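Chain and residue survey
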Amino acid sequence: MGIGHYLKEIGRGKEGARSLTREQAADLLGQVLDAQVTDLEVGAFCLAMRIKGETPDEMAGFLDAVHLRLTALPAFDEQATVVIPCYNGARKLPALAPLLALLLSQQGVRVCLHGTPTESRRTTSFEVLEVLGYKRLSHVEQANSGLNLVPTEILCPALKKLLDVRRVVNLRNPAHSLVKLMNPCRGPALIVSSHTHPEYAVSMAQTFKLTQASAFLLRGTEGEPVADARRTPQMDFFQNGAMHTVQLAQPGALASIPDLPEPNAADTAAFIEDVLNQKRAVPEPIALQVQHILQALKST
């Protein structure tokens, strides 16, 4: 059928645009991911949604389309997988999502850290982990019971292509939210996600409730789903359509600034090695995040 009739609804500007149903959104994105539309239509879709903004029903529909097309990581026994989407990278602060992933792995937790660079001139979690000796999976059958470093393109090449539209138009599109909400695993999983702005906290929470996902949501560090090492953020846990605040945000002024590395891969990797070898303390906000995730896994 094409997506022209959908573009007519969502492309009327911020005030005039109409929202799609969950089923319509799934059909629209499904056609985009299946390459059944032109590049011009893809660009129109991305810009229209950027102006209009996504509703929870639309995001749920987009997720339905993505999940149908994912090459998901196989389940491993009955063990739940902690999913950590890393797409932003570090600019001013070190990329410490790898520390979160490795601390969880030390506790026997299976971790899927997935992502692809979406910003130029940023240090990615993948780069940090590669300095530490970890290799990216080249296909999902390589997945193991520990830390799995998973490029987006082996999960869904079409989703990677949609993310890359940003490099042309210089604006985010629904794919940048989808990757923070999706479950790339078969079997039980806990998605650890983050927001950068208050409006995304609301929309992501509504989507997690609507899809009844098992998820953990906090304000991220430069967009990465790890607690800011300087100040503990609020942390919320979602399960069966309900939200529970498990950690309140740290109030007041900071008493001290922790000693953090420069935001490059080598210095960040060295810092993480020191923490894992107990030469440095785990930053308290990240230690709290680990504790809350481990507690959440007990009911996942």
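The sections below set out a description of the structure shown in this document. Throughout, residues of each chain are indexed from 1 in the direction in which the sequence is written. Local features in a predicted model are, by the rule used here, given only for residues with pLDDT of at least 70; side-chain atom pairs are given and counted only at 80 or more, and totals for whole chains, interfaces and linings are based on all residues. Think of the side-chain values as coming from all heavy atoms in the structure, minus any hydrogens and water.

**Some words on helix 12 (residues 198-211)**
One turn of the α-helix equals 3.6 residues, which is why residues spaced by three or four share an orientation. Counted only if it meets this: Only runs of H or I of at least four residues qualify as helices and only runs of E of at least two qualify as strands under DSSP, and these elements are numbered from the N terminus. To estimate how far a helix should extend, the number of its residues minus one is multiplied by 1.5 Å. Any residue under 20% of the maximum accessible area for its type is buried, any over 50% is exposed, and the rest in between are partly exposed; the area is computed with a 1.4 Å probe on protein chains only. Throughout, a contact is declared for two residues whenever any of their heavy atoms are within 4.5 Å.
The terminal C-alpha atoms of helix 12 lie 20 Å apart, and with 14 residues this matches the ideal 20 Å at 1.5 Å per residue to within 8%. Listed in full, the buried residues belonging to helix 12 are Tyr200, Ala201, Ser203, Met204, Ala205, Thr207 and Phe208. Where the residues of helix 12 are buried, they touch helix 4 (39-52), helix 5 (56-69), helix 11 (174-181), strand 4 (189-195), strand 5 (215-219) and strand 6 (235-239). Positive phi appears at Gln212, one or two residues downstream of helix 12, with a value of about 55 degrees.

**Topic: the state of the cysteines**
Defined simply, a disulfide is a covalent bond joining two cysteines at their sulfur atoms. This is how the line gets drawn: Here, the term disulfide refers to a pair of cysteine sulfur atoms separated by no more than 2.5 Å.
Inspection of the entire model under this criterion finds zero disulfides. Free cysteine: Cys156, not disulfide-bonded; nearest cysteine sulfur from Cys112 at 14 Å. Accessibility expressed as a relative area gives 3% for Cys156, which makes it buried. No disulfide involves Cys185; its sulfur sits 4.4 Å from the nearest other cysteine sulfur, which is in Cys112.

**Examining the packing of aromatic side chains**
Counted only if it meets this: Two rings from Phe, Tyr or Trp (for Trp, the six-membered ring) form a pair when their centres are within 6.5 Å of each other. A pair whose planes differ by under 30 degrees is stacked, one over 60 is edge-to-face, and the rest are tilted.
Applying the stated criterion to the full structure yields two aromatic pairs. Measuring from centroid to centroid gives 5.4 Å for Phe208 and Phe238, while their planes differ by 45 degrees, and the two rings are tilted. Of this pair, Phe208 sits in helix 12 while Phe238 sits in strand 6, and the two are 30 residues apart along the sequence.

**Structural notes on the pattern of salt bridges**
As a working rule, side chains carrying opposite charge can pair if their charged atoms are close by. Put simply, the rule reads: Note on definitions: salt bridges are taken to be side-chain nitrogens of Lys or Arg within 4 Å of carboxyl oxygens of Asp or Glu.
Enumeration over the complete set of coordinates arrives at 11 salt bridges. Residue Asp164 is joined to Arg167 by a salt bridge in which the shortest nitrogen-to-oxygen separation is 3.8 Å. Residue classification places Asp164 among the partly exposed positions, given a relative accessible area of 24%. One salt bridge in this structure joins Asp274 and Arg280, with 3.5 Å as the shortest N-O distance. On the basis of relative accessible area, Asp274 is assigned to the partly exposed category, the value being 24%. Residues joined by salt bridges that share partners form a network here, namely Lys160, Asp164 and Arg167.

**Remarks on the environment of Gln295**
Within the secondary structure, Gln295 sits in helix 14 (residues 284-297). With relative accessibility at 48%, the residue Gln295 sits in the partly exposed group. Along the sequence, Gln295 and Val246 sit 49 residues apart, while their C-alpha atoms lie 9.8 Å from each other.

**Brief notes about the pairing of strand 5**
Which entries qualify depends on this criterion: Two strands qualify as a pair provided DSSP detects at least 2 bridges between them.
Of all five residues that make up strand 5, four are buried, and the element is covered over most of its length. Sheet topology note: the strand 4/strand 5 ladder contains five bridges and is parallel. If you follow His195 over to strand 5, its bridge partner there is Arg219. The sheet contact formed by strand 5 and strand 6 spans four bridges and is antiparallel. If you follow Leu218 over to strand 6, its bridge partner there is Met235.

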